[in-house]
Amino acid sequence: MSSRDVVLGRVRRALAEEPRGAGRDEPPVVRDYRRVHGSRTTAQTVELLAENLVDYRAVVHRSDAAGLPALIARLLAERGARSVVVPRGLPASWLEVALAAGSGLARVEDRAALTPVELDAVDSVVTGCAVAIAETGTLVLDAGPDQGRRRITLVPDHHVCVVRVPDQVVGSVPQALPRLAPDRPLTWISGPSATSDIELDRVEGVHGPRTLEVILLSASGEPG
């Protein structure tokens, strides 16, 4: 019997002593904290999101639906991307310009058999998001149809994420949580992947994309 088996056995025995569902006499948790800090209009909340994204070294763009396909094509071209991984539920119109005949850009479908080695050879990924949090400059992905599997946003070095504003933008983390299902694979993104060593030298691209570009997609005729 291994040490792991011994520890797990002790845990099981301890849990068996208390019937399943038995409650403890514990005081209720008070959750009367503020759900948002300050008072902001919808436009101000979107602007705060943009400011905090930039503060985290993300690159922010603004567009309306008509200009989105051309903008995505330009960002991929400027990156020199030769391949892009695409979630199955991403609106086809978003990449119709980028993937037009003669563009030279290869479309890589998000599929279960896609290996990390194959993903590492892909230049870019384009996704939507589940929710964006203004106060923290955070994008949350939940593996929805327009976001795909978590790994496709963690391996390629360039991530273009489209946020529908104002519908997908909230002010704070407490406002975001009710929109998210805890049983889904949630990825919280605050800027490009970055870490620091013991001497505080910043290194980007260690745990995910080195470059994060965020497009704030306006539902109206006015960008942003």
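Since the structure is predicted, the reported quantities are computational estimates derived from the model, not experimental observations. Numbering of residues starts from 1 in each chain and follows the order in which that chain's sequence is written. This being a predicted model, a pLDDT of at least 70 is required before a residue's local features are given, and a value of 80 or more before pairs of side-chain atoms are given or counted; all residues contribute to the totals for chains, interfaces and linings. Processing note: side-chain calculations cover all non-hydrogen atoms of the structure and skip hydrogens and water entirely.

Help me understand the overall build of the chain in this model?
Here a strand is any run of E in DSSP of at least two residues, a helix any run of H or I of at least four, and the numbering for each starts at the N terminus. A count of helical and extended segments in the chain gives five helices and twelve strands. We call two residues contacting when some pair of their heavy atoms lies within 4.5 Å. Here the contacts in the chain between residues at least 6 apart in sequence split such that 73% fall between residues at least 24 apart. We get accessible surface area from the Shrake-Rupley algorithm with a probe of 1.4 Å; when it comes to residues, only the shown protein chains can shield them. Working note: accessible area of the chain is about 12,900 Å², and carbon and sulfur atoms make up 53% of it.

Help me out: how do you make sense of the sheet that holds strand S6 (residues 138-141) in this one?
Neighbouring strands of a sheet are bound in pairs by backbone hydrogen bonds; such pairs are parallel or else antiparallel. If you walk across this open sheet you meet the four strands as S8-S5-S6-S9, and the pairing is mixed. Of all strands in the sheet, those with a lone pairing partner are strand S8 (169-170) and strand S9 (187-189), marking the two edges. Looking at chain direction, strand S5 (residues 131-133) and S8 are connected through two bridges and run parallel. From the neighbouring strand, Ala132 faces S8, where its bridge partner is Val169. In this scheme, strands are said to pair when DSSP sees at least two bridges between them.

Can you walk me through the environment of Ala73 in this structure?
Note that Ala73 resides in helix H3 (residues 68-79). Note on Ala73: relative accessible area 16%, which makes it buried. Put simply, Ala73 and Trp94 are 21 residues apart on the chain and 8.8 Å apart in space, counted from C-alpha to C-alpha. Among residues more than four places away in sequence, those in contact with Ala73 are Val97 and Ala98. Buried, partly exposed and exposed residues are distinguished by accessible area as a fraction of the type maximum, computed with a 1.4 Å probe on protein chains only: under 20%, between the cut-offs, and over 50%, respectively.

Explanation requested: the nonpolar core in the structure shown.
For soluble globular proteins, nonpolar side chains are generally found buried alongside one another. Take the buried residues of types Ala, Val, Leu, Ile, Met, Phe, Trp, Tyr and Cys, join any two whose side-chain atoms come within 4.5 Å, and each joined set is a nonpolar core. Formed by 19 residues in total, the largest nonpolar core has its most connected members in Ile72, Leu76, Leu95, Val126 and Ile215. If you list the elements that add at least two residues to this core, you get H3, strand S2 (83-86), strand S7 (158-165) and strand S12 (211-218). Non-local contacts of Ile215, meaning those with residues more than four positions away in its chain, are made with His61, Ser63, Leu68, Leu71, Ile72, Leu75, Val160, Cys161, Val162 and Val163. Listed in part, the 18 residues of the second largest apolar core include Leu49, Ala58, Ala132 and Val165.

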